[in-house]
Amino acid sequence: MIETKIKATVRDVIDFPKPGIVFKDITPILKDPALCINITRALAEQLKGVEIDVVAGIESRGFLFGPALAQLLNVPFVPIRKVGKLPYKTVQQSYDLEYGKATIEVHEDALLKGQKVLIHDDLLATGGTVVAASKLVMQLGAEVTGYSFIIALDFLNGRLRLEPYTRQIFSLASY
């Protein structure tokens, strides 16, 4: 089962990025090409029946599987980046993290009005970053039709913050 393999591979890093946080490090997954392929396929399988015109991945770990997922779904990939990283005109959204504040942005022409967008990231925690990404999608006139994650930290209740945008919330492994 994919969840068992993911959990056996993910590394817990204690007190990162600050004391009291147990960081779920997915970088060991990247050393296993077969697992990466299986993760991408499993993500795509979960999304059957969800209307998707574009996959939007959140910097930086949403860039690890987001482009491959978009290719498998045969749709474009749009990067949502930390402020100051995109070269063209952008729209921005600030938000609170579990351990600070941040701003993300997307090119103002990245999405078309009415496009159906899947937002992908590696991990769902409290949902702050993903809510900010959802607001960016909506600012551009597109619609969030789903979320995909490799890992969901269910004890932090991030799903509840995403449900106002869509109830199509998928993850491969839950803690």
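See the structure above.
Below, the structure is looked at part by part. The shown structure was predicted, so the numbers you read here are calculated from the model rather than taken from an experiment.

What counts and how
Residues numbered from 1 in each chain as written. Predicted model: local features only at pLDDT ≥ 70, side-chain atom pairs only at ≥ 80, totals over all residues. Heavy atoms only, no water. Helix = DSSP H or I, 4+ residues; strand = E, 2+ residues; numbered from the N terminus. Rg over C-alpha atoms; globule rule 2.2 N^0.38 Å. Buried < 20%, exposed > 50% of the residue type's maximum accessible area, 1.4 Å probe, protein only. Contact = heavy atoms within 4.5 Å. Areas by Shrake-Rupley, 256 points an atom, 1.4 Å probe, with all protein chains shown as cover. Lys, Arg positive; Asp, Glu negative; His and termini not counted. Charge placed at Lys NZ, Arg CZ, Asp CG, Glu CD. Salt bridge = Lys/Arg side-chain N within 4 Å of Asp/Glu carboxyl O. Axes fitted to C-alpha atoms, helices over the stretch in contact; angles between N-to-C directions. Parallel < 35°, antiparallel > 145°, perpendicular 65-115°, else oblique. Left-handed = near helix turned anticlockwise from the far one by under 90°. Nonpolar A, V, L, I, M, F, W, Y, C, P; charged D, E, K, R; others polar.

1. A short note on the overall build of the protein chain
For step 1, the next point in the chain: Across its full length, the protein chain holds five helices and nine strands.
For step 2, the next point in the chain: Order of helices (α) and strands (β) in the protein chain, N terminus to C terminus: α-β-β-α-β-α-β-β-β-β-α-β-α-β.
For step 3, the next point in the chain: Since a compact globule built from 175 residues should have a radius of gyration of about 16 Å, the 15 Å found for the protein chain is in line with a globular shape.
For step 4, the next point in the chain: Counting across all 175 residues of the protein chain, residues that qualify as buried make up 48%.
For step 5, the next point in the chain: Sequence separation of 24 or more characterises 57% of the internal contacts of the protein chain that already satisfy a separation of 6 or more.
For step 6, the next point in the chain: When the accessible surface of the protein chain is split by element, carbon and sulfur atoms take 53% of a total near 8,700 Å².
For step 7, the next point in the chain: On the protein chain, the mean spot of the 20 positive side-chain charges and the mean spot of the 19 negative ones are 2 Å from each other.

2. Description of unusual backbone geometry
For step 1, the next point in the chain: The residue after Phe16, namely Pro17, is reached through a cis peptide bond having omega 5°.
For step 2, the next point in the chain: With respect to the helices and strands, Pro17 occurs in the loop between β1 (11–14) and β2 (22–25).
For step 3, the next point in the chain: Following Glu59, the chain continues into Ser60 via a peptide bond in cis, with omega recorded as -5°.
For step 4, the next point in the chain: With respect to the helices and strands, the residue Ser60 is situated in the loop between β3 (54–58) and α3 (62–73).
For step 5, the next point in the chain: Of note, the phi angle at Asn157 is positive, near 60°, even though the residue is not glycine.
For step 6, the next point in the chain: Structurally, the position occupied by Asn157 is in the loop between β8 (143–152) and α5 (158–162).

3. Thoughts on the pattern of salt bridges
For step 1, the next point in the chain: Per the counting criterion, the structure on display carries 11 salt bridges.
For step 2, the next point in the chain: Residues Glu143 and Lys116 are paired through a salt bridge, measuring 3.0 Å at the closest nitrogen-oxygen approach. Taken together, the positions of Glu143 in strand β8 and Lys116 in strand β7 (residues 116–124) put the pair 27 residues apart, joining distant regions of the chain.
For step 3, the next point in the chain: Take Lys116: its relative accessible area is 18%, and that puts it in the buried class.

4. Side note on the packing of helix α1 (residues 2–9) against helix α2 (residues 33–46)
Helices that pack against each other are described as a pair by the angle of their axes relative to one another and the distance between those axes.
For step 1, the next point in the chain: Orientation of α1 relative to α2, taken along the N-to-C sense of each, is 135°, at an axis distance of 11 Å. When the axes of α1 and α2 are compared, the pair comes out oblique. In this structure, α1 crosses over α2, and the sense of that crossing is left-handed. The residues of α2 that touch α1, namely those facing Ile2, Lys5, Ile6 and Thr9, are Leu35, Asn38, Ile39 and Ala42.
For step 2, the next point in the chain: Each residue belonging to the contact of α1 with α2 can be placed in one class, and the counts come to five nonpolar, two polar and one charged.

So far we have only geometry, and geometry alone does not tell us how the molecule works.
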